[in-house]
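In case you want the letters, here they are:
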Amino acid sequence: MTLDYHKKFDWKHVIDVLRDEGTLTDCRGCGLHVHVNRTATNNWNWHKIDAFINNYVDFNEMIAGRSESSYARFRDVTLNRKKYIDAHEKYVLRQGHGTAVNTENRNTVEIRIFASTFDIEELYARLEYVEALVKYSHHFVAANITSKKECEIDKFVKYVRDNSERYNNLVEYLSKNYSK
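Just so it is clear, the structure is predicted and the values come from calculations on it, not from any experiment.

Please set out the overall build of the chain residue by residue, giving values where relevant.
Counting secondary structure elements, the chain contains nine helices and three strands. Overall, the chain shows an N-to-C arrangement of helices and strands of α-α-β-α-α-α-β-β-α-α-α-α. Out of the 180 residues in the chain, the part that is buried amounts to 46%. Sequence-distant contacts, at least 24 apart, represent 69% of the contacts inside the chain between residues at least 6 apart. Only carbon and sulfur atoms are counted for the fraction: they give 49% of the accessible area of the chain, which is about 9,800 Å².

I'd love a proper account of the packing of aromatic side chains, names of residues and values included.
In the structure shown here, the tally under the stated rule is 15 aromatic pairs. Look at Tyr-136 and Tyr-159: their rings are 5.0 Å apart centre to centre, the planes differ by 40 degrees, and that puts the pair in the tilted class. Pair noted here: Tyr-136 is in helix H6 (residues 120-136) and Tyr-159 is in helix H8 (residues 151-162), with a separation of 23 residues, a long-range link. Ring pairing ties together the aromatic residues Phe-52, Tyr-56, Phe-59, Phe-114, Tyr-129, Tyr-136, Phe-140, Phe-156, Tyr-159, Tyr-167 and Tyr-178, which thus form one cluster.

Please provide a residue-by-residue account of the pattern of salt bridges, values included.
Under the counting rule described, the total for this entry stands at nine salt bridges. Across the pair Glu-128 and Lys-7 runs a salt bridge, and its minimum N-O distance is 2.6 Å. You can see Glu-128 sitting in helix H6 and its partner Lys-7 sitting in helix H1 (residues 3-8), a full 121 residues away along the chain. Across the pair Lys-155 and Glu-152 runs a salt bridge, and its minimum N-O distance is 2.7 Å.

Pulling in residues and values, what's your account of helix H3 (residues 43-55)?
For H3, built from 13 residues, the straight-helix expectation of 18 Å at 1.5 Å per residue is met to within 8% by its first-to-last C-alpha distance of 18 Å. Counting buried residues in H3 gives 13 out of 13 residues, a clear majority hidden from the surface. Structurally, the start of H3 carries an N-cap: the backbone nitrogen of Trp-44 is 3.1 Å from a side-chain oxygen of Asn-42.

Outline the nonpolar core, listing residues and values.
By size, the foremost hydrophobic cluster in this structure holds 46 residues, and its most contacted members are Phe-52, Phe-59, Tyr-129 and Phe-156. Looking at this core, the elements that each hand over two or more residues are strand E1 (31-37), H3, helix H4 (57-64), strand E3 (108-115), H6, H8 and helix H9 (168-177). Sort the elements by how many residues they give to this core and H6 lands first, with 11 residues. If we ignore the near neighbours within four places in the chain, the residues touching Phe-52 are Phe-59, Asn-60, Tyr-129, Leu-133, Phe-140, Ile-145, Glu-152, Ile-153 and Phe-156.

Let's hear about the side chain of Asn-55: which residues, and what values?
Within the element layout of this structure, Asn-55 appears in helix H3. At a separation of 3.3 Å, a polar atom in the side chain of Asn-55 contacts the main-chain carbonyl oxygen of Ile-145.

About the thresholds
Residues numbered from 1 in each chain as written. Predicted model: local features only at pLDDT ≥ 70, side-chain atom pairs only at ≥ 80, totals over all residues. Heavy atoms only, no water. Helix = DSSP H or I, 4+ residues; strand = E, 2+ residues; numbered from the N terminus. Buried < 20%, exposed > 50% of the residue type's maximum accessible area, 1.4 Å probe, protein only. Contact = heavy atoms within 4.5 Å. Areas by Shrake-Rupley, 256 points an atom, 1.4 Å probe, with all protein chains shown as cover. Phe/Tyr/Trp six-rings, centres within 6.5 Å; stacked < 30°, edge-to-face > 60°. Salt bridge = Lys/Arg side-chain N within 4 Å of Asp/Glu carboxyl O. Expected span 1.5 Å × (residues − 1). Polar contact = N/O pair within 3.5 Å; in protein donor to acceptor, adjacent residues only side chain to side chain. Core = buried A, V, L, I, M, F, W, Y, C linked by side-chain atoms within 4.5 Å.

What follows is the structure, encoded as C-alpha coordinates:
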(Lines give C-alpha, C1' and ligand atoms only; values in the text may rest on other atoms or scores of the structure.)
Protein backbone atom coordinates (compact mmCIF):
# COMPACT_ATOMS: atom_id res chain seq x y z
CA MET A 1 0.00 0.00 0.00
CA THR A 2 1.35 3.40 -0.92
CA LEU A 3 0.88 6.45 1.28
CA ASP A 4 -1.87 7.62 -1.08
CA TYR A 5 -3.63 4.27 -0.79
CA HIS A 6 -3.40 4.37 3.02
CA LYS A 7 -4.88 7.86 3.06
CA LYS A 8 -7.80 6.79 0.87
CA PHE A 9 -8.38 3.59 2.85
CA ASP A 10 -10.86 4.04 5.70
CA TRP A 11 -8.56 3.12 8.59
CA LYS A 12 -10.69 5.14 11.00
CA HIS A 13 -13.67 2.87 10.28
CA VAL A 14 -11.55 -0.27 10.74
CA ILE A 15 -10.20 1.00 14.07
CA ASP A 16 -13.69 2.04 15.26
CA VAL A 17 -15.21 -1.35 14.39
CA LEU A 18 -12.41 -3.27 16.08
CA ARG A 19 -12.64 -1.07 19.17
CA ASP A 20 -16.46 -1.40 19.31
CA GLU A 21 -16.21 -5.20 19.06
CA GLY A 22 -13.66 -5.27 21.86
CA THR A 23 -11.04 -6.79 19.57
CA LEU A 24 -8.79 -3.74 19.74
CA THR A 25 -7.23 -2.92 23.08
CA ASP A 26 -4.18 -1.00 24.24
CA CYS A 27 -1.10 -3.19 24.35
CA ARG A 28 2.08 -1.82 25.88
CA GLY A 29 4.39 -4.08 23.88
CA CYS A 30 2.68 -3.67 20.52
CA GLY A 31 4.20 -1.68 17.72
CA LEU A 32 3.55 -0.43 14.23
CA HIS A 33 6.02 -1.83 11.72
CA VAL A 34 6.12 -0.21 8.29
CA HIS A 35 7.47 -2.18 5.34
CA VAL A 36 8.76 -0.32 2.28
CA ASN A 37 9.55 -1.97 -1.01
CA ARG A 38 13.31 -2.10 -1.52
CA THR A 39 12.87 -0.66 -5.01
CA ALA A 40 11.63 2.63 -3.51
CA THR A 41 15.25 3.82 -3.41
CA ASN A 42 18.77 2.50 -3.90
CA ASN A 43 21.13 0.70 -1.51
CA TRP A 44 23.10 3.82 -0.64
CA ASN A 45 19.95 5.73 0.31
CA TRP A 46 18.70 2.79 2.42
CA HIS A 47 22.04 2.90 4.21
CA LYS A 48 21.61 6.64 4.92
CA ILE A 49 18.00 6.09 6.11
CA ASP A 50 19.21 3.32 8.41
CA ALA A 51 21.89 5.63 9.80
CA PHE A 52 19.44 8.56 10.19
CA ILE A 53 17.00 6.45 12.20
CA ASN A 54 19.68 4.82 14.35
CA ASN A 55 21.96 7.81 14.93
CA TYR A 56 19.28 10.36 15.85
CA VAL A 57 17.62 8.35 18.60
CA ASP A 58 15.92 11.21 20.47
CA PHE A 59 14.35 12.59 17.29
CA ASN A 60 13.19 9.16 16.15
CA GLU A 61 11.80 8.21 19.56
CA MET A 62 9.78 11.46 19.46
CA ILE A 63 8.42 10.58 16.01
CA ALA A 64 7.86 6.95 16.98
CA GLY A 65 5.95 7.72 20.15
CA ARG A 66 8.01 5.24 22.14
CA SER A 67 11.49 4.57 23.45
CA GLU A 68 13.84 1.90 22.30
CA SER A 69 12.66 -1.63 23.08
CA SER A 70 13.76 -5.19 22.48
CA TYR A 71 11.54 -5.03 19.37
CA ALA A 72 13.36 -2.01 17.94
CA ARG A 73 16.92 -1.57 19.19
CA PHE A 74 18.88 1.48 18.07
CA ARG A 75 22.58 1.14 17.26
CA ASP A 76 25.07 3.66 15.96
CA VAL A 77 25.52 3.23 12.24
CA THR A 78 28.81 4.27 10.71
CA LEU A 79 28.28 4.80 7.05
CA ASN A 80 30.36 2.59 4.82
CA ARG A 81 31.76 3.66 1.50
CA LYS A 82 29.13 4.23 -1.17
CA LYS A 83 31.06 2.04 -3.60
CA TYR A 84 30.96 -0.85 -1.10
CA ILE A 85 27.21 -0.48 -0.47
CA ASP A 86 26.33 -0.12 -4.16
CA ALA A 87 28.32 -3.25 -5.02
CA HIS A 88 25.87 -5.47 -3.15
CA GLU A 89 22.66 -6.77 -4.68
CA LYS A 90 20.59 -5.64 -1.71
CA TYR A 91 21.35 -3.53 1.32
CA VAL A 92 21.69 -5.59 4.52
CA LEU A 93 23.41 -4.13 7.54
CA ARG A 94 21.43 -5.24 10.54
CA GLN A 95 21.49 -8.75 11.86
CA GLY A 96 18.37 -9.66 13.78
CA HIS A 97 14.70 -8.99 13.62
CA GLY A 98 14.60 -6.72 16.68
CA THR A 99 16.49 -3.77 15.25
CA ALA A 100 15.02 -0.34 14.52
CA VAL A 101 15.54 -0.91 10.79
CA ASN A 102 15.23 -4.52 9.72
CA THR A 103 16.96 -5.10 6.39
CA GLU A 104 16.75 -8.89 6.42
CA ASN A 105 13.47 -9.15 4.51
CA ARG A 106 13.86 -10.17 0.91
CA ASN A 107 11.67 -7.54 -0.77
CA THR A 108 11.17 -4.86 1.88
CA VAL A 109 12.96 -2.77 4.47
CA GLU A 110 11.03 -2.75 7.74
CA ILE A 111 10.94 0.33 9.98
CA ARG A 112 10.14 -1.05 13.46
CA ILE A 113 10.37 2.02 15.70
CA PHE A 114 6.72 3.11 16.01
CA ALA A 115 4.33 2.62 18.88
CA SER A 116 0.95 1.27 17.94
CA THR A 117 -1.77 3.88 17.73
CA PHE A 118 -5.54 4.16 17.42
CA ASP A 119 -5.25 7.83 16.45
CA ILE A 120 -5.69 8.11 12.69
CA GLU A 121 -3.71 11.38 12.35
CA GLU A 122 -0.83 9.86 14.30
CA LEU A 123 -0.95 6.76 12.07
CA TYR A 124 -0.80 8.95 8.96
CA ALA A 125 2.01 11.06 10.47
CA ARG A 126 4.12 7.93 10.93
CA LEU A 127 3.41 6.69 7.41
CA GLU A 128 4.20 10.16 6.06
CA TYR A 129 7.47 10.13 8.02
CA VAL A 130 8.59 6.91 6.35
CA GLU A 131 7.70 8.16 2.88
CA ALA A 132 9.41 11.50 3.53
CA LEU A 133 12.59 9.68 4.65
CA VAL A 134 12.63 7.65 1.45
CA LYS A 135 11.91 10.64 -0.80
CA TYR A 136 14.45 12.87 0.98
CA SER A 137 17.16 10.21 1.43
CA HIS A 138 19.23 11.27 -1.58
CA HIS A 139 19.70 14.70 0.07
CA PHE A 140 21.14 13.34 3.34
CA VAL A 141 24.85 14.06 3.79
CA ALA A 142 26.39 10.81 4.96
CA ALA A 143 29.26 12.39 6.89
CA ASN A 144 26.83 14.61 8.83
CA ILE A 145 24.70 11.63 9.84
CA THR A 146 27.71 9.60 10.99
CA SER A 147 28.92 12.53 13.11
CA LYS A 148 25.30 13.14 14.27
CA LYS A 149 25.17 16.77 13.19
CA GLU A 150 21.77 18.28 13.98
CA CYS A 151 21.71 20.09 10.64
CA GLU A 152 20.53 16.86 8.95
CA ILE A 153 17.45 16.78 11.18
CA ASP A 154 16.83 20.48 10.53
CA LYS A 155 17.12 20.05 6.75
CA PHE A 156 14.81 17.04 6.81
CA VAL A 157 12.20 18.89 8.92
CA LYS A 158 12.40 21.83 6.51
CA TYR A 159 11.76 19.43 3.60
CA VAL A 160 8.71 18.04 5.39
CA ARG A 161 7.37 21.53 6.14
CA ASP A 162 8.06 22.66 2.56
CA ASN A 163 5.89 19.72 1.46
CA SER A 164 3.16 20.31 4.03
CA GLU A 165 0.36 19.58 1.58
CA ARG A 166 1.62 16.01 1.21
CA TYR A 167 2.81 15.57 4.80
CA ASN A 168 0.13 17.55 6.65
CA ASN A 169 -0.23 15.07 9.51
CA LEU A 170 3.51 14.89 10.05
CA VAL A 171 3.80 18.68 10.00
CA GLU A 172 1.06 18.89 12.65
CA TYR A 173 2.77 16.18 14.74
CA LEU A 174 6.10 18.00 14.52
CA SER A 175 4.51 21.32 15.48
CA LYS A 176 3.19 19.70 18.68
CA ASN A 177 6.24 17.60 19.56
CA TYR A 178 9.37 19.14 18.04
CA SER A 179 10.56 22.52 19.33
CA LYS A 180 12.81 23.62 16.44
